[in-house]
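# Overview (structure and organization)
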Amino acid sequence: MIRAVWQYGIGGIRLHCPVVLLGSQSAPGVDALPDLQRMKTSPLHQSAAACFLLPLLFLAVTTGWVKAQAERSPFTALGQYRFSTDIDGGGDFSSGRLHFKGAAPIYRSGENLIAISAAYGWASYDFSGGGSSSYASYDPWDDLHLINLGLPVKWSFDGGWDLFLAPGVRWYGENGADFGDAVTVGGIAGFARPFGERLTLGPGVGVFSQLEDDASVFPVVLVDWKITDALSLSTGPTIGATQGPGLMLNWDVTDRLRFSAGARYEKHRFRLDGGSGESRDGVGEDRSIPVFGALSLQAGDHWQLALLGGVAFGSELTIEDRNGRTVSERDTDPSPFVGLSASLRF
């Protein structure tokens, strides 16, 4: 069965905004979808406006990133630390992340481009505190690894339209997880064209498989708006040590210095290791709404550095068994985070 939902996903991150939540009444059959029932409890999904606007972000990540490949071959190293925060049910947790990504064109002719991309991510979680029966005492997962391979394509046609394709395959799992059980595949396809000198718009569609869940089909819209010469609204990749797409307002203070403020909905879904009990070979999930500010510096012709800080709101930790049934689900308090990134483009 294929379920129609609003969703974005890249590098192991997903956003689900069920279409049925956008109307004034639930659609028939929604009670038969337990994951949709869980998502209703999320503060983000209580806002129909948020569910409508956030899915517009994803294609811009793909298209903006593919456009960058036409000009240069990037390499980016990202690091982030999320400070300790309390978990409902006892205990606390903190996490650290590293992410490395790069790409290189394998075909280029004029405005047409085919590239190959690769990324590796590592995350370490530290659960502690609480009593012997607290959530943290079970130490639900520790080190995670992500491998992502893609083949972004940009192709220009008469009339100003550009075609963007982004098929990919990813592996996301805990240490010891079975490789074959942690693989998902998917792709995005979309068209875009400029409307005037400051606005680019276009439609698209994506299809992604999910760990122990139905495949997702979702519409996406490309929006790229230069409000003034110094101010722009960006729906491309968020800056610094944040992973995945987000909405950012950018202010170019000088030619080399930019301040950005933004937010996104982030979801990490990964395969757990063998372990024991109900979570054996199951699925873990960490989702939150990071809100951040960032300062980026063009340090030279090829280098860019970025420093950011913010707070992750609406955080939720979930464990599911290998059939996708919820074993445990806990909210956490808001937690501050800091990050640093360095990009080399040539």
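Looking only at helices and strands, the chain has three helices and 20 strands in total. Across the 346 residues that make up the chain, the buried fraction comes to 48%. Sequence separation of at least 24 residues holds for 59% of the intrachain contacts in the chain that already meet a minimum separation of 6. For the chain, the accessible area works out to roughly 15,300 Å², and carbon and sulfur atoms hold 61% of it.

On average, residues of the chain score 78 in pLDDT, and 75% of them reach the 70 mark or higher. Here helix α1 (residues 34-39) is the element of the chain with the lowest mean pLDDT, 31, and strand β6 (residues 143-150) is the one with the highest, 95. Of the regions scoring below 50 in pLDDT, residues 240-244 engages in 27 contacts with residues more than four places distant in sequence or in other chains.

On the surface, Asp86, Asp88, Asp331 and Asp333 cluster together into a negatively charged patch. Secondary-structure assignment places Asp333 in the loop between β19 (326-331) and β20 (335-345). Taking relative accessible area as the criterion, Asp333 reaches 34% and is therefore assigned partly exposed.

Another point: the pattern of salt bridges. Note on pairing: side chains with opposite charge can pair once their charged atoms come close. Evaluation of the coordinates by the stated rule reveals 16 salt bridges. Between Arg97 and Asp286 there is a salt bridge; the shortest N-O distance is 3.7 Å. Here Arg97, found in strand β4 (residues 92-109), pairs with Asp286, found in strand β17 (residues 283-298); they are 189 residues apart in sequence, far enough to count as distant. Pair check on accessibility: Arg97 and Asp286 agree, each one buried. Between Glu285 and Arg269 there is a salt bridge, with the nearest N and O atoms lying 2.7 Å from each other.

A few words now on the packing of aromatic side chains. Per the stated rule, a full pass over the model turns up twelve aromatic pairs. Between Tyr81 and Phe83, the aromatic rings sit 5.0 Å apart at their centres with planes inclined by 90°, giving edge-to-face as the arrangement. Accessibility expressed as a relative area gives 36% for Tyr81, which makes it partly exposed. By relative accessible area, which is 35% here, Phe83 ends up partly exposed.

Moving on, we get to the environment of Pro140. Counting through the fold element by element, Pro140 comes out in the loop between β5 (112-128) and β6. In the structure, Pro140 is positioned 139 residues away from Ser279 in sequence and 8.5 Å away in space, judged by C-alpha atoms. Those residues within four positions of Pro140 in sequence are excluded, and the remaining contacts are Phe127, Tyr135, Glu174, Leu272 and Ile319.

Attention shifts here to a nonpolar patch on the surface. Where nonpolar side chains cluster on the molecular surface, the patch consists of Phe75, Leu98, Phe100, Tyr120, Ile147, Leu149, Val169, Phe179, Val183 and Val185 and spans about 820 Å² of accessible area. Those elements that place two or more of their residues in the nonpolar patch are β4, β6 and β10 (183-195). Here Phe100 shows up in strand β4.

Examined bridge by bridge, strand β18 (residues 303-320) and β19 share five bridges and lie antiparallel to one another. From the neighbouring strand, Ile319 faces β19, where its bridge partner is Ser328. Between β18 and β19, which pair antiparallel one after the other, the connecting turn spans five residues, and Gly324 there sits at a positive phi close to 85°.

What counts, and where the lines are drawn
Residues take numbers from 1 onward in each chain, read along the sequence in its written order. The predicted origin of the model limits local features to residues at a pLDDT of at least 70 and limits the giving and counting of side-chain atom pairs to 80 or more, whereas totals for whole chains, interfaces and linings rest on all residues. Only heavy atoms go into the side-chain values, all of them from the structure, while hydrogens and water stay out. The way it works is that DSSP assigns letters per residue, a run of H or I at least four long becomes a helix, a run of E at least two long becomes a strand, and they are numbered from the N terminus. Exposed residues in this analysis have more than 50% of their type's maximum accessible area, buried residues have under 20%, and partly exposed residues fall in between, with area computed by a 1.4 Å probe over protein chains only. Contacts were defined at the residue level, with two residues in contact if any of their heavy atoms lie within 4.5 Å. Reported accessibility uses the Shrake-Rupley method at a 1.4 Å probe radius. Residues are deemed covered only where the shown protein chains occlude them. By definition, pLDDT measures how confident the predictor is in each residue, and it falls between 0 and 100. Any residue with relative accessible area above 30% and no salt bridge may belong to a patch, with like charges joined within 9 Å and the nonpolar Val, Leu, Ile, Met, Phe, Trp and Tyr side chains within 5 Å. Definition used for salt bridges: Asp or Glu carboxyl oxygen within 4 Å of a side-chain nitrogen of Lys or Arg. A residue counts as positive if it is Lys or Arg and as negative if it is Asp or Glu; His and the chain ends are not included. In plain terms, the charge of a residue is placed at NZ if it is Lys, CZ if Arg, CG if Asp and CD if Glu. Pairing of aromatic side chains requires ring centres within 6.5 Å, counting the rings of Phe and Tyr and the six-membered ring of Trp. Pairs whose planes differ by under 30 degrees are stacked, by over 60 edge-to-face, and all others tilted. One bridge is not enough; two strands pair if DSSP finds at least two bridges between them.

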